[in-house]
Amino acid sequence: MSSPSTVYFISGAGRGIGLGLVKSFAARSDSLVFAGARAPEKADALNELAKATGGRVVVVKLDAGSDEDHKAAVELVKQQDGRVDVVIANAGIAEGPALTATGPPEAYSKHFATNVVGPLRLFQALLPLLQASSKPQFLAMSSAVGSNTLNLAMPNDPYGVSKAALNFLVTKIASEHGEADNLTAWVTHPGLVATDMGNLVVDFYKAQGVDVPFVTVDESVAGLTKLVDNATRETMGGKFVQYDGAELPW
Ligand code: NDP
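Presented here is an overview of the structure given in this document. The structure displayed is predicted, hence computed values, not measured ones.

All right, on to the site of the ligand then. Around the ligand there are 28 residues in total, and Arg15, Arg38, Tyr159, Val193 and Thr195 lie nearest to it. Between Gly12 and the ligand, the recorded distance is 3.1 Å, taken from a backbone N or O atom to an oxygen atom. For the ligand, an oxygen atom lies 2.9 Å from a polar atom in the backbone of Ile17. Isolated, the ligand exposes 900 Å² of accessible area, and the fraction of that covered by the protein chains is 91%. Per-element accounting of the shell around the ligand gives the leading share, 3 residues, to helix H6 (residues 196-207). When its residues are assigned to classes, the shell around the ligand shows 11 nonpolar, 12 polar and 5 charged.

Listed below in structure tokens is the structure:
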């Protein structure tokens, strides 16, 4: 294929919001999308999409905790086009419930490993390829639950703490690489989205008789796609913006 207009790299792409983002960006006939999945052999929907797009979706084995996977992914991207324009650190876990008094410390370490160190590993691996782009963007999938200011009541503190740390990590990335590398680095909250993860939250509230509004994967992805398309360092760099464009407090 001739040089793609935009090269995307999305982690956690086997299901949920990640899969939706891959579909959205791969719908453009001149895009190239690297789709990370920690067990590609089980990612049936993603593999089908890759087949249907004739090489424009490249499925990459990518466990958030594996340096080897990240090294191999970098080599693959280098061979295909030598640059990445948009990286979306989407892979994440939310296991619970756990509150500060009783939540096992191991639960905090586990969330930190996937939700903070995972995006850091992805950023470090792909930075040289982002530096090869004329309009590089690094987006991390955070959560409103990670906002200190909102301090939302959710019985999953290891998750919230990890997302607050992710927010700070991306703030540092934005300040260290914004001007230096022309990098637009920002974090988002995708909405309360009806995925395997989001449905757990919806069910939790339903069990208490509370109906919480949620959005579909398509609605969340449509909003995020628009934001990614229009993001500039001036408008989005170092910001926390949810899928519909509303800015969130840290
Ligand atoms: P899902 O649980 O549906 O999907 C999570 C994805 O992350 C899967 O592809 C999963 O892979 C991948 N993943 C988990 N652990 C690892 C790991 N160690 N290495 C590589 N990949 C991993 O979640 P969503 O699609 O709902 O969430 C996507 C992101 O959005 C997450 O970061 C989440 O925190 C965030 N978010 C979601 C909200 C929601 O309401 N859904 C709200 C706020 C934030 P596998 O299939 O192999 O398990």
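Take the environment of Ile88 next. Note on placement: Ile88 falls in strand S4 (residues 86-89). Here Ile88 falls in the buried class, since its relative accessible area comes to 0%. Residues Ile88 and Ile10, 78 residues apart in the sequence, show an inter-C-alpha distance of 4.7 Å. Apart from the residues lying within four places of it in its own chain, the contact partners of Ile88 are Phe9, Ile10, Ser11, Leu21, Phe25, Leu122, Leu139, Met141 and Val228.

A few words now on the sheet that holds strand S5 (residues 137-141). Taken in spatial order, the 7 strands of this open sheet run S3-S2-S1-S4-S5-S6-S7, and their pairing is parallel. Each of the sheet's edge strands pairs with one partner strand only, and the pair in question is strand S3 (57-61) and strand S7 (240-242). Taken over all neighbouring pairs, the strand axes of this sheet differ in orientation by 20° on average, direction set aside. Summarising the sheet, strand S1 (residues 6-10) and strand S2 (residues 31-37) pair through 5 bridges and their orientation is parallel. Bridge assignment links Thr6 to a residue of S2, and that residue is Ser31.

Basis of the calculations
Residues numbered from 1 in each chain as written. Predicted model: local features only at pLDDT ≥ 70, side-chain atom pairs only at ≥ 80, totals over all residues. Heavy atoms only, no water. Near = heavy atom within 4 Å. Polar contact = N/O pair within 3.5 Å; in protein donor to acceptor, adjacent residues only side chain to side chain. Areas by Shrake-Rupley, 256 points an atom, 1.4 Å probe, with all protein chains shown as cover. Helix = DSSP H or I, 4+ residues; strand = E, 2+ residues; numbered from the N terminus. Nonpolar A, V, L, I, M, F, W, Y, C, P; charged D, E, K, R; others polar. Buried < 20%, exposed > 50% of the residue type's maximum accessible area, 1.4 Å probe, protein only. Contact = heavy atoms within 4.5 Å. Pairing = 2+ DSSP bridges. Axes fitted to C-alpha atoms, helices over the stretch in contact; angles between N-to-C directions.

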